[in-house]
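Here is what each chain is made of, one letter per residue.
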Amino acid sequence: MTDPERLTDRRRIRRKLSFWRILTVLILIGVATGLALNYAEPGRRSDHIARIDISGVITDNQQLLDLIEDASDNDAAKAIVVSISSPGGTTYGGEQIHKALVEAGKSKPVVADIHTLAASAGYMIAASTDHIVAGESSIVGSIGVIFQYAQARELLDKIGVRLEEIKSSPLKAEPSPFHDTSEEAKAMIRSMVLDSYDWFVDLVAVNRKMDRADVLALADGSIFTGRQGLKNGLVDALGGEAEIRAYLKSRGIDDKLEIIDWKTADSTSSLLFGGGAASLLQQFMGMPQTLTHEIDRLSGGKLFLDGLVSVWQVGGQSESSE
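Residues numbered from 1 in each chain as written. Predicted model: local features only at pLDDT ≥ 70, side-chain atom pairs only at ≥ 80, totals over all residues. Heavy atoms only, no water.

Caption draft 1: A look at the side chain of S138. Assignment of secondary structure puts S138 in the loop between β5 (131-134) and β6 (139-141). Setting aside residues up to four positions removed in sequence, S138 forms contacts with I114, H115, T116, F224, T225 and G226. (Helix = DSSP H or I, 4+ residues; strand = E, 2+ residues; numbered from the N terminus. Contact = heavy atoms within 4.5 Å.)

Structure representation (structure tokens):
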């Protein structure tokens, strides 16, 4: 190897070493930053109002439940404000958050601050608080439950594919996407949907202190603006922070307290951990996102929800008992 070749080779090695050293330093900085954000808890030791953001599609989220519990147990957090901007999600996910907020409300005031929308399971969460504040043009309501399943029988017939099955009873694994749904299977699903629907209606009636008949009149899947929600009892006040502070003052909370955002561990350090890290690595390394992730993203995160769903679908049919 000639001297120029050796020199070029050494320079190439040095560049590679420099790259990995810089990358290692950046990762260490990211780890240190994440730990600092997770454990420093700036401001949480002095009296304040805790604000928790609930946005996007609602699913079973243990980190969020833990965050609500932590804010409830923290003596320095004199009240909790739940900022909501969600079309809903799984009924079970909404149920778990509902229970957590009701439990938190036993020790301190809990207020819902509705931004763009709180529909279906999103409104279920709002109705679990002591007081609901919304914008005049916010969207609220869509009280209901839906169960959806695909039907691919005609497509399979066209391509010459047939699924054979042997099952222990007629209703096992029903409804199926591979054959027409029997009336017995439809009745089973309808019964399950209506039972969850009744639970949802009762939840709103109890927490909003409304007659069940009045809630039923609103619970046909309809959505309402904040102005309409104020008139029909689904909302307590129109506005934002000023109205929230006014309510908290009526509950004996100092209206001058700082409002501090409480965040889950994955959101405080999302840039270098979890989904954020995966996204960065995919872009940096040129790795494509999985097809299912991309499809789910384009659907707004609602396509692959499991079980009973309480979600308002823009451009589609809103919740019903079908």
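Caption draft 2: Geometry of a negative patch on the surface. A contiguous patch of negative charge on the surface is contributed by D66, E69, D70, D73 and D75. By the element assignment, E69 lies in helix α2 (residues 62-73). (Patch = residues over 30% accessible without salt bridge, like charges linked within 9 Å, V, L, I, M, F, W, Y side chains within 5 Å. Areas by Shrake-Rupley, 256 points an atom, 1.4 Å probe, with all protein chains shown as cover. Salt bridge = Lys/Arg side-chain N within 4 Å of Asp/Glu carboxyl O. Lys, Arg positive; Asp, Glu negative; His and termini not counted. Charge placed at Lys NZ, Arg CZ, Asp CG, Glu CD.)

Caption draft 3: Spatial organisation of the pattern of salt bridges. For the structure on display, the rule yields 18 salt bridges. Salt-bridge contacts for E183 lead to K186; the nearest nitrogen and oxygen are separated by 3.8 Å. Of this pair, E183 and K186 both sit in helix α6 (residues 183-208), 3 residues apart, which is roughly one turn of the helix. D255 serves as the salt-bridge partner of K249, at 4.0 Å between the closest nitrogen and oxygen. On the accessibility criterion, K249 (53% relative accessible area) is exposed. (Buried < 20%, exposed > 50% of the residue type's maximum accessible area, 1.4 Å probe, protein only.)

Caption draft 4: Looking closely at the pairing of strand β4 (residues 110-119). Counting buried positions along β4 gives 8 out of 10 residues, so the element sits mostly inside the fold. Relative to β4, strand β2 (residues 77-86) runs parallel, the two sharing 6 bridges. Along β4, the bridge assignment pairs I84 with I114. In the sheet, β4 pairs with β5 via 4 bridges, with the strands oriented parallel. Considered in β5, the bridge of A112 is made with I132. At this point the chain moves from β4, through helix α4 (residues 121-126), to the parallel β5, and the crossover so formed is right-handed. Sheet topology places β4 next to β6; 3 bridges connect them, and they run parallel. (Pairing = 2+ DSSP bridges. Right-handed = clockwise from strand over helix to strand, strands pointing away.)

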